[in-house]
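Architecture at a glance
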Amino acid sequence: MVALAPVASQPDPLEGWSLPAWTYDDPDFFRAEQEKVFAASWQVVCHVSDVPGQGDWHALEFLGESIIVVRGEDGQVRAFTNVCRHRGSRIVDGASGCAKKLVCPYHAWTYSLDGRLTGVPQKSDYPGLDTSRHGLTLVDMEIWRGFIFIRLAGGGPSVADMMAPYDAQVEPYRFEDLRALGRVTLRPRPVNWKNVADNYSDGLHIPVAHPGLTRLFGRSYGVEAEAEVDRMWGDLVERPSANWSERLYQTLLPSVPHLPEANQKRWLYFKLWPNVAFDIYPDQVDFMQFLPISPTETLIREISYVLPDDRREMKAARYLNWRINREVNAEDTALIARVQDGMRSRSFSIGPLGESEVCLRSFCRRMRALIPEARREERPAAGWS
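Description of the structure in this document. (Residues numbered from 1 in each chain as written. Predicted model: local features only at pLDDT ≥ 70, side-chain atom pairs only at ≥ 80, totals over all residues. Heavy atoms only, no water.)

Sheet architecture is open: seven strands sit in the order E11-E17-E16-E15-E14-E13-E12, paired in antiparallel fashion. For this open sheet the edge positions go to strand E11 (179–189) and strand E12 (222–225), each flanked by a neighbour on one side alone. Neighbour-to-neighbour, the strand axes of this sheet turn through a mean angle of 15°, independent of strand direction. Bridge count for strand E13 (residues 229–235) against strand E14 (residues 266–272) is seven bridges, and the pairing is antiparallel. In the sheet register, Met232 faces E14, and the bridge partner there is Tyr269. Strands E12, E13 and E14 of the sheet are contacted by helix H9 (residues 358–370), whose axis makes an angle of about 25° with E12. (Pairing = 2+ DSSP bridges. Helix = DSSP H or I, 4+ residues; strand = E, 2+ residues; numbered from the N terminus. Axes fitted to C-alpha atoms, helices over the stretch in contact; angles between N-to-C directions. Contact = heavy atoms within 4.5 Å.)

Written out as structure tokens, the structure reads:
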């Protein structure tokens with residue numbers, strides 16, 4: 001089938017249809033996504049509370065780049081590529097650490113915490129070297145409500161602009177005061193990143209494939225799509241669940257004084273374009289990121305954040321939340337694997353999207369606009385990207 005192009009002032013013939021299956025495993029499409037979707041996308045590295053002191057740093061591996069955010073002597077947080085300007089060596093290893101200075105382990109070129117090149121062994125060997133022009137390369141960074149975001153290429157709205165339609169809903173949760181609960185977890189999945197993103201914003205599968213969430217929410221689960229953000233939500237029902245973890249969570253979850261009454265029993269979800277998600281509960285906030293590794297590999301990066309609260313009921317609620325969502329995650333893992341496997345069938349190309357599937361429709365519409373080859377039902381010849 002040839003690509004279907006929209007006609008000016010007429011409905012797009014592909015509105016209401018999914019992306020073609022070949023886009024979920026095609027190397028050329030994956031390369032196009034890296035440049036047209038992800039290079040200018042905002043990615044979370046950590047929370048400001050994760051780098052509280054001078055020299056504290058956190059790293060993110062993304063699209064073959066290693067990015068570090070570090071707090072300087074002046075108290076400011078900055079983001080740099082983790083690359084020495086001498087021979088391109090990585091400077092720091094691991095996910096986090098603390099350093100008085102950033103010293104390359106290859107030739108000991110040394111950088112201050114604000115990125116300036118301050119030490120060059122045998123400097124006389126480089127008579128024309130202007131050290132002021134060879135500091136660490138800055139990366140675009142934004143701190144939104146305490147979370148540190150970076151992007152590799154400029155352009156597009158800020159995180160604050162993206163979340164503007166929902167800023168009033170997020171404000172009561174005091175994101176700026178959050179602290180990490182546990183550590184970052186990395187969960188590899190043998191699926192295309194879009195299958196993870198599609199599943200996250202899909203509301204139709206909740207009553208079918210998540211019996212626990214259905215017991216908790218009843219019929220209250222809803223979805224909506226803004227230009228840059230998907231929002232999903234569900235309100236806990238009063239009817240006690242037959243599952244003991246869910247029933248205890250319903251019973252023990254204490255009142256949270258800083259939240260409005262409508263949010264005391266609400267589970268709220270946001271997915272920021274294209275692959276960053278926040279699960280917001282009365283008891284905690286879970287951050288999740290779907291990092292593309294290859295056409296058929298995704299790394300789910302996640303961690304929970306909480307506000308200080310020593311109440312026994314709150315500690316119990318957080319544990320029960322983890323138990324409930326551990327089962328939800330296992331169900332979703334099986335679901336996305338089934339979809340990835342099924343998309344390999346020559347019998348499947350594109351599927352219809354219902355009018356209520358507003359988040360998936362919005363996602364497909366934007367992907368087709370960014371990568372017009374997504375309008376082709378059949379896989380193009382290799383090398384098109």
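Structure's up, so let's keep going.
Across soluble globular proteins, nonpolar side chains show a tendency to be buried alongside one another. With 87 residues, the main nonpolar core has Phe149, Phe175, Trp267, Leu272 and Phe278 as its most contacted residues. Per-element tally for this core: the top contributor is helix H8 (residues 312–342), with six residues. Grouped together as the second largest cluster of nonpolar side chains are 18 residues, Phe80, Cys84, Ala99 and Trp109 included. (Core = buried A, V, L, I, M, F, W, Y, C linked by side-chain atoms within 4.5 Å. Buried < 20%, exposed > 50% of the residue type's maximum accessible area, 1.4 Å probe, protein only.)

This paragraph deals with the side chain of Asn325. With respect to the helices and strands, Asn325 occurs in helix H8. Owing to a relative accessible area of 11%, Asn325 belongs among the buried residues under this scheme. Separated by 3.3 Å, the side chains of Asn325 and Tyr281 make a polar contact. Beyond its immediate stretch of four places on either side in the chain, Asn325 contacts Trp267 and Tyr281. (Polar contact = N/O pair within 3.5 Å; in protein donor to acceptor, adjacent residues only side chain to side chain.)

Moving on, we come to the pattern of salt bridges. Per the stated rule, a full pass over the model turns up 22 salt bridges. Here Lys271 makes a salt bridge to Asp230, at a shortest N to O gap of 3.6 Å. On the criterion of sequence distance, the pair formed by Lys271 in strand E14 and Asp230 in strand E13 is long-range, its members being 41 residues apart. Each member of the pair Lys271 and Asp230 is classed as buried. A network of salt bridges, in which partner residues are shared, links Glu15, Arg361 and Arg365. (Salt bridge = Lys/Arg side-chain N within 4 Å of Asp/Glu carboxyl O.)

The geometry of two aromatic rings is summed up by the distance between their centres and the angle between their planes. For the structure shown, the criterion picks out 26 aromatic pairs. Where Tyr200 meets Tyr269, the ring centres are 6.3 Å apart and the plane angle is 80°; that geometry is what we call edge-to-face. Here Tyr200, found in helix H4 (residues 193–200), pairs with Tyr269, found in strand E14; they are 69 residues apart in sequence, far enough to count as distant. Judged by relative accessible area, Tyr200 falls into the buried class, the value being 13%. Aromatic rings pair up to connect Tyr200, Phe217, Tyr221, Tyr249, Trp267, Tyr269, Tyr281 and Phe290 into one cluster. (Phe/Tyr/Trp six-rings, centres within 6.5 Å; stacked < 30°, edge-to-face > 60°.)

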